[in-house]
Amino acid sequence: MALVPFPGPQSGAYPVPADEDDDTPAAGKMSFLEHLDELRKRIVYSAIAIAVCVVLGFAFINRIVDFILAPTRKALPPGVKLIYTQPGEAFSLYVQIALIMGVVLAAPVIMYQVWMFIAPGLYSNEKRLAIPFVFFTTVGFLMGATFNHYITFPFMMAFFASFNTSDLAFMPKLDDVFGLYTKMLLGMGVVFQMPTVVFFLAKMKLVTARFLLKHFKYAFLIIFIAAAVITPTGDMMTQAIFAAPMVGLYVLSIIIAWLVGPKRLRADPDEI
């Protein structure tokens, strides 16, 4: 037994097992100012990583712009081009794309800094999840961005372009198209974090596959409500486009929870 001074108004000591000290979260030993200093340090590291990646993005900006606008150009009627009506609109687009590319390329570093900030408040067995946390959050965001670029956004632009007639000309503005693309990319990036969240919750024994499967009908309702909230437009078609992958990801999350969850909890017939 190790004697540790009691940090209260009374002097003295109370016994604490020495083997428990190593498994105590370090966050409780940090003051408020130390937390702020740690947060500042993590923000600075993330900002430096983003700045470096923004410079790399500017080096290939023309190729990146063509890649992002490709789904919209394919959906446009013959002879129609994207337009911009403000003098600085095109230049602003290039700057925004470079910034977004900086954040995307720096995502592993940003996720690692987030983990390093919250790690002091975790136990030693939870800290071993650092590498899976960075890996799965990054992969989830990239998969969401890919799904948006090749499936969700082209399908939606084709739907909007279908209303082009001899009386109605579909001539979307550059800024409006990119704004919609960005909102959908971020939305899909968040949606594709669902398996990662379930992975860590199952690792921490907070959810099980049986629990997720039993509450599937409630999750289905919540998914469509969430899709209505995060959908950048108000039409039912876009809502369904957002909800469909969320339902698929929920099913995948059930499988993940079954694979990584403790076998004792998997076989428990009384699990709720």
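In this text the structure is predicted, and so the values were computed from the model without any measurement.

Asks: I'd love a proper account of the nonpolar core, names of residues and values included.
Replies: Judged by nonpolar contacts, the single largest core of 49 residues is most densely connected at I97, F153, M157 and Y250. Core analysis: the second largest hydrophobic core is formed by nine residues, A130, F133, V134 and F199 among them.

Asks: Help me get a handle on the pattern of salt bridges, residues and values and all.
Replies: Enumeration over the complete set of coordinates arrives at four salt bridges. Across the pair D37 and R40 runs a salt bridge whose closest N-O atoms are separated by 2.9 Å. Residue D37 and its partner R40 are both found in helix 2 (residues 32-59); the two are separated by three residues, about one turn of the helix. Put simply, R73 and D66 hold a salt bridge, and the shortest N to O gap is 3.4 Å.

Asks: Hey, could you go over the packing of aromatic side chains for me, with residue numbers and the actual values?
Replies: Aromatic ring pairs: the centre-centre distance and the angle between the two ring planes describe each pair. Going through the model one piece at a time under the given rule, you end up with 11 aromatic pairs. Note on F67 and Y150: the rings are 6.3 Å apart at their centroids and 70° apart in plane angle, and the pair reads as edge-to-face. Residue F67 is found in helix 3 (residues 61-75), and its partner Y150 is found in helix 7 (residues 130-161); the two are separated by 83 residues along the sequence. Since its relative accessible area comes to 54%, Y150 is described here as exposed.

Asks: Can you lay out the side chain of H149 for me, pointing to particular residues and giving the numbers?
Replies: Of note, H149 is situated in helix 7. For H149, a relative accessible area of 5% translates into the label buried. Within the local environment of H149, its side chain forms a polar contact with the backbone oxygen of F67, the two atoms lying 3.3 Å apart. Side-chain polar atoms of H149 contact the side chain of Y181, separated by 2.9 Å. Setting aside anything within four residues of it in sequence, one finds H149 in contact with F67, I68, P71, P154 and Y181.

Asks: Describe the packing of helix 5 (residues 107-118) against helix 7, with residues and values.
Replies: Interhelical geometry of helix 5 versus helix 7 gives an angle of 140° and a closest axis separation of 9 Å. By the angle class used here, helix 5 and helix 7 are oblique. The crossing of helix 5 and helix 7 is right-handed. Of the residues in helix 7, those in contact with A107, P108, M111, Y112, V114 and W115 of helix 5 are A130, F133, V134, T137 and T138. Among the residues making up the contact of helix 5 with helix 7, the classes are represented as nine nonpolar, two polar and no charged.

Asks: Please set out a nonpolar patch on the surface residue by residue, giving values where relevant.
Replies: On the surface, F32, L33, L36, L39, I43, V114, F117 and I118 cluster together into a nonpolar patch covering about 740 Å² of accessible area. Where the nonpolar patch is concerned, the elements lending two or more residues are helix 2 and helix 5. It is helix 2 that provides the largest number of residues to the nonpolar patch, a total of five residues. Looking at the element boundaries, L39 is found in helix 2.

Asks: Could you give an account of helix 8 (residues 174-191), naming the residues involved and the relevant values?
Replies: Taking 1.5 Å per residue as the helical rise, helix 8 with its 18 residues ought to reach 26 Å, and the 26 Å between its terminal C-alpha atoms agrees with that figure. Residues of helix 8 that are buried include every one of L174, V177, F178, L180, Y181, T182, M184, L185, G187, M188, G189 and V191, and no others.

Calculation rules
Residues numbered from 1 in each chain as written. Predicted model: local features only at pLDDT ≥ 70, side-chain atom pairs only at ≥ 80, totals over all residues. Heavy atoms only, no water. Core = buried A, V, L, I, M, F, W, Y, C linked by side-chain atoms within 4.5 Å. Buried < 20%, exposed > 50% of the residue type's maximum accessible area, 1.4 Å probe, protein only. Salt bridge = Lys/Arg side-chain N within 4 Å of Asp/Glu carboxyl O. Helix = DSSP H or I, 4+ residues; strand = E, 2+ residues; numbered from the N terminus. Phe/Tyr/Trp six-rings, centres within 6.5 Å; stacked < 30°, edge-to-face > 60°. Polar contact = N/O pair within 3.5 Å; in protein donor to acceptor, adjacent residues only side chain to side chain. Contact = heavy atoms within 4.5 Å. Axes fitted to C-alpha atoms, helices over the stretch in contact; angles between N-to-C directions. Parallel < 35°, antiparallel > 145°, perpendicular 65-115°, else oblique. Left-handed = near helix turned anticlockwise from the far one by under 90°. Nonpolar A, V, L, I, M, F, W, Y, C, P; charged D, E, K, R; others polar. Patch = residues over 30% accessible without salt bridge, like charges linked within 9 Å, V, L, I, M, F, W, Y side chains within 5 Å. Areas by Shrake-Rupley, 256 points an atom, 1.4 Å probe, with all protein chains shown as cover. Expected span 1.5 Å × (residues − 1).

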